[in-house]
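# Coordinates in review
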Amino acid sequence: MPRSESRPRSRAAREKALSALAERVAQCTRCQELAETRTQTVFGVGNPQAQVMFVGEAPGADEDKQGEPFVGRAGQLLNKIIEACGWKREDIYICNILRCRPPGNRNPSPKEAANCREYLDGQISTVDPDYIVCWGTIAAQNLLDTTETIGKLRGRFMEYGRAKVLCTYHPSYLLRNPSAKKPVWEDMQLLLKEMGLEPPPQK
Ligand code: SF4
């Protein structure tokens with residue numbers, strides 16, 4: 001997936017900026033409850049020059065254990081979606097609205113999302129993706145500062161900074177509602193088309 005050359009900045013410079021930010025995040029105690037209950041912070045992973053960034057909700061139990069976003073069952077489904085698009089997981093940059101697990105996998109509070117926004121914006125401005133995919137209501141509503149439902153937000157592009165933003169259902173929702181796979185695949189096809197790419201033939 002070649003990245004547009006609109007903003008050349010070396011991979012090494014981006015990696016350095018991201019690891020400095022990750023070090024700050026690892027020490028962060030802005031959300032007292034989360035800081036006291038997390039195993040570790042879950043910063044983000046992937047290509048620091050990615051053309052596409054994925055933003056999810058918050059780490060779950062598996063992510064909290066492993067320190068990487070989207071590694072549980074929902075992450076495995078996300079990997080299948082990535083593969084179906086003809087990409088590799090390492091082509092994408094993947095992070096969440098929150099960098100700490102909310103106990104019991106409850107939704108992030110607005111205060112927690114606001115606390116963590118500086119780090120999300122730091123990742124977005126460093127990676128500087130052309131496209132952002134928001135996976136699920138929490139990601140979409142927080143990034144775009146809207147109360148619209150995911151059903152209304154999906155299926156079209158919006159903007160955040162210079163990135164085009166596409167919202168779709170969270171993979172964990174797809175695990176509970178397999179019929180939602182169809183609209184998600186339609187959204188991914190919309191993204192591929194906008195990028196001038198063709199999805200590979202499905203096996
Ligand atoms: S969720 Fe974000 S802001 Fe809150 S403690 Fe964790 S890193 Fe800090």
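Residues numbered from 1 in each chain as written. Predicted model: local features only at pLDDT ≥ 70, side-chain atom pairs only at ≥ 80, totals over all residues. Heavy atoms only, no water.

## Details of the overall build of the protein chain
- Across its full length, the protein chain carries nine helices and six strands.
- Its C-alpha atoms give the protein chain a radius of gyration of 16 Å, within 12% of the compact-globule value 17 Å for 203 residues.
- Projected onto its principal axes, the C-alpha coordinates of the protein chain cover approximately 45 × 40 × 30 Å.
- Of all 203 residues assigned to the protein chain, the portion counted as buried reaches 48%.
- Sequence separation of at least 24 residues holds for 73% of the intrachain contacts in the protein chain that already meet a minimum separation of 6.
- When the accessible area of the protein chain is evaluated, it comes to approximately 10,100 Å², of which 49% is carbon and sulfur surface. (Helix = DSSP H or I, 4+ residues; strand = E, 2+ residues; numbered from the N terminus. Rg over C-alpha atoms; globule rule 2.2 N^0.38 Å. Buried < 20%, exposed > 50% of the residue type's maximum accessible area, 1.4 Å probe, protein only. Contact = heavy atoms within 4.5 Å. Areas by Shrake-Rupley, 256 points an atom, 1.4 Å probe, with all protein chains shown as cover.)

## Section: the environment of Gly-56
- By secondary structure assignment, the location of Gly-56 is in strand β2 (residues 52–56).
- For the pair Gly-56 and Cys-31, spaced 25 residues apart in sequence, the C-alpha to C-alpha distance is 18 Å.
- Once you skip the residues sitting within four places of it in the chain, Gly-56 turns out to touch Phe-70, Cys-95, Asn-96, Ile-97, Trp-135 and Ala-139.

## Points about the packing of aromatic side chains
- Under the definition given, this model contains three aromatic pairs.
- Ring geometry for Tyr-169 versus Tyr-173: centroids 5.1 Å apart, planes at 25°, classification stacked.
- Its relative accessible area of 33% is what places Tyr-173 among the partly exposed residues. (Phe/Tyr/Trp six-rings, centres within 6.5 Å; stacked < 30°, edge-to-face > 60°.)

## A few points about the UniProt feature "domain: Uracil-DNA glycosylase-like" (unreviewed entry) in the protein chain
- Under the feature "domain: Uracil-DNA glycosylase-like" (unreviewed entry), the UniProt entry names residues 43–189.
- End C-alpha to end C-alpha, residues 43–189 measures 28 Å, and it is 43% helix and 18% strand. (UniProt positions renumbered as here; feature names shortened; annotations may be inferred.)

## Observations regarding the sheet that holds strand β4 (residues 131–135)
- Read from one edge of the open sheet, six strands run β1-β3-β2-β4-β6-β5, paired in mixed fashion. Both outer strands of the open sheet, β1 (45–46) and β5 (157–160), are each paired with one neighbouring strand and no more.
- With two bridges joining them, β1 and strand β3 (residues 93–96) adopt antiparallel strand pairing. Across the sheet, the residue bridging to Val-45 is Ile-94, located in β3.
- Packing against the sheet, helix α5 (residues 110–127) makes contact with β2, β3, β4 and β5, and its axis sits at approximately 170° to β3. (Pairing = 2+ DSSP bridges. Axes fitted to C-alpha atoms, helices over the stretch in contact; angles between N-to-C directions.)

## Thoughts on the environment of Leu-166
- Secondary-structure assignment places Leu-166 in strand β6 (residues 163–168).
- On a C-alpha basis, the gap between Leu-166 and Ala-140 in space is 8.5 Å, while along the polypeptide they are 26 residues apart.
- Sequence-distant contacts of Leu-166, that is, excluding residues within four places in its chain, are made with Ile-132, Val-133, Cys-134, Gly-155, Arg-156, Phe-157, Asp-187, Leu-190 and Leu-191.

## A few points about the site of the ligand
- For the ligand, the full set of nearby residues is Val-25, Cys-28, Arg-30, Cys-31, Leu-34, Arg-38, Arg-99, Cys-100, Asn-115, Cys-116 and Tyr-119.
- If one sorts the elements of the shell around the ligand by residue count, α5 sits on top with three residues.
- Split into classes, the residues belonging to the shell around the ligand amount to seven nonpolar, one polar and three charged. (Near = heavy atom within 4 Å. Nonpolar A, V, L, I, M, F, W, Y, C, P; charged D, E, K, R; others polar.)

## Focus: the side chain of Gln-123
- Its place among the elements puts Gln-123 in helix α5.
- Here Phe-43 takes part through its backbone oxygen, which lies 2.9 Å from a polar atom of the side chain of Gln-123.
- Setting aside its immediate chain neighbours within four residues, Gln-123 contacts Leu-18, Leu-21, Phe-43, Gly-44, Met-53, Tyr-93, Cys-95, Arg-99 and Asp-128. (Polar contact = N/O pair within 3.5 Å; in protein donor to acceptor, adjacent residues only side chain to side chain.)

## Observations regarding the nonpolar core
- Counting 56 residues, the largest nonpolar core has Phe-54 and Trp-87 as its most contacted members.
- Here this core gets six residues from one element, more than from any other, and that element is α5.
- Discounting chain neighbours no more than four positions away, the residues touching Phe-54 are Leu-78, Ile-82, Trp-87, Ile-92, Tyr-93, Ile-94, Cys-95, Val-133, Trp-135 and Met-188. (Core = buried A, V, L, I, M, F, W, Y, C linked by side-chain atoms within 4.5 Å.)

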